[in-house]
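Structure assessment
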Amino acid sequence: MNSSSIDAINLAQTTQLNMLSPRQRLDDALEVLSAPGSQLSENRQAEPTAGELVEPIQRINEVMRERGIEFEISEDLSRVITRVVDRDSGDVIRQIPAEEVIRIAEQLQEMRGRFISLEA
C-alpha cells in the first residue's frame, strides 16, 4: 500500500469517528478491547481475594503512614477501609466507610434472605 492509500484510509476512519457521539466511541473502543484474542481479554484475571491483598496493603500503609493515611481490609465484608489519622496522637480523624455504615452492612449481611416471605 502506498502512502496516499494509507492517508485516505486514515482520513475515512477519522471522519467516521468524528461522526460518532462520545458514548458511541467509548462503546466501540471497549468492544475492540474486550474482543476475544485482544490484549485486555487475555490479561483479565479474577478479582483478588482479601488474603491476596494483605501484603500490597501493608506496603501501601508503610509509605502512607507518614502522611496519616491507613488502609485495612474488613474481614467480614471484604472491603477496604480507609482512615485519616492524626500523626501525632494516632486518633482517627475520618474513616471511609464510617463505622456506622460498616455495622449496617454487617447487619444487612446477617439478615440476607430473611426479608422474603416464602408464603404466597
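Residues numbered from 1 in each chain as written. Predicted model: local features only at pLDDT ≥ 70, side-chain atom pairs only at ≥ 80, totals over all residues. Heavy atoms only, no water.

1. Observations regarding the overall build of the protein
Applicable threshold: In DSSP terms, a helix is any run of H or I states spanning at least four residues, a strand is any run of E spanning at least two, and both are numbered starting from the N terminus. Think of it in three bands: residues with accessible area under 20% of the maximum for their type are buried, residues over 50% are exposed, and the middle band is partly exposed, with areas taken using a 1.4 Å probe on protein chains only. Note on contacts: a residue pair qualifies if any of its non-hydrogen atoms lie within 4.5 Å across the two residues. Computed with the Shrake-Rupley method and a 1.4 Å probe, the accessible areas treat only the protein chains shown as cover for residues.
In terms of regular secondary structure, the protein is built from five helices and three strands. Ordering the α and β elements of the protein from the N terminus gives α-α-α-α-β-β-β-α. Among the 120 residues that make up the protein, the fraction classed as buried is 11%. Pairs at least 24 apart in sequence give 7% of the contacts found in the protein among residues at least 6 apart. Per element, the accessible surface of the protein, about 10400 Å² overall, is 53% carbon and sulfur.

2. Some remarks on the sheet that holds strand β3 (residues 92-96)
Definition in use: Any two strands between which DSSP finds at least two bridges are classified as paired. The axes are straight lines fitted to the C-alpha atoms, using for helices just the contacting stretch, and the angles between their N-to-C directions are given from 0 to 180°.
Judged by pairing direction, the sheet is antiparallel, and its three strands sit side by side in the order β1-β2-β3 without closing on themselves. Of all the strands in the sheet, just β1 (69-73) and β3 have a single pairing partner and so form its edges. Averaged over all adjacent pairs, the angle separating strand axes in this sheet is 20 degrees, with direction ignored. Alignment of strand β2 (residues 80-85) against β3, held across four bridges, turns out to be antiparallel. Note that in β3 the partner of valine 85 across the bridge is valine 92.

3. A short note on unusual backbone geometry
A cis amide bond links isoleucine 96 to the next residue, proline 97, at an omega of -10 degrees. Residue position: proline 97 is located in the loop between β3 and α5 (99-111).

4. Side note on the pattern of salt bridges
We apply this condition: By salt bridge we mean one thing: a side-chain nitrogen of Lys or Arg within 4 Å of a carboxyl oxygen of Asp or Glu.
Going through the model one piece at a time under the given rule, you end up with three salt bridges. We note a salt bridge from arginine 59 to glutamate 55, for which the minimum N-O separation is 3.1 Å. Within this pair, arginine 59 and its partner glutamate 55 are both found in helix α4 (residues 50-64), separated by four residues, close to a single helical turn. In this structure, glutamate 72 and arginine 83 form a salt bridge, with 2.6 Å as the shortest nitrogen-oxygen distance. One end of the pair, glutamate 72, is in strand β1; the other, arginine 83, is in strand β2, with 11 residues separating them in the sequence. We classify glutamate 72 as partly exposed; its relative accessible area is 33%.

5. Digging into the confidence of the model for the protein
What counts is decided by this rule: pLDDT: the predictor's confidence for each residue, scored from 0 to 100.
Of the residues in the protein, 64% have a pLDDT of 70 or more, and the chain-wide mean is 76. Taking the mean pLDDT of every element in the protein, the minimum, 55, falls on helix α3 (residues 39-43) and the maximum, 93, on β3.

6. Quick word on the side chain of asparagine 61
Within the fold, asparagine 61 resides in helix α4. For asparagine 61, a relative accessible area of 10% gives the class buried. Ignoring anything within four residues of it in the chain, the contact list for asparagine 61 reads Ile69, Glu70 and Phe71.

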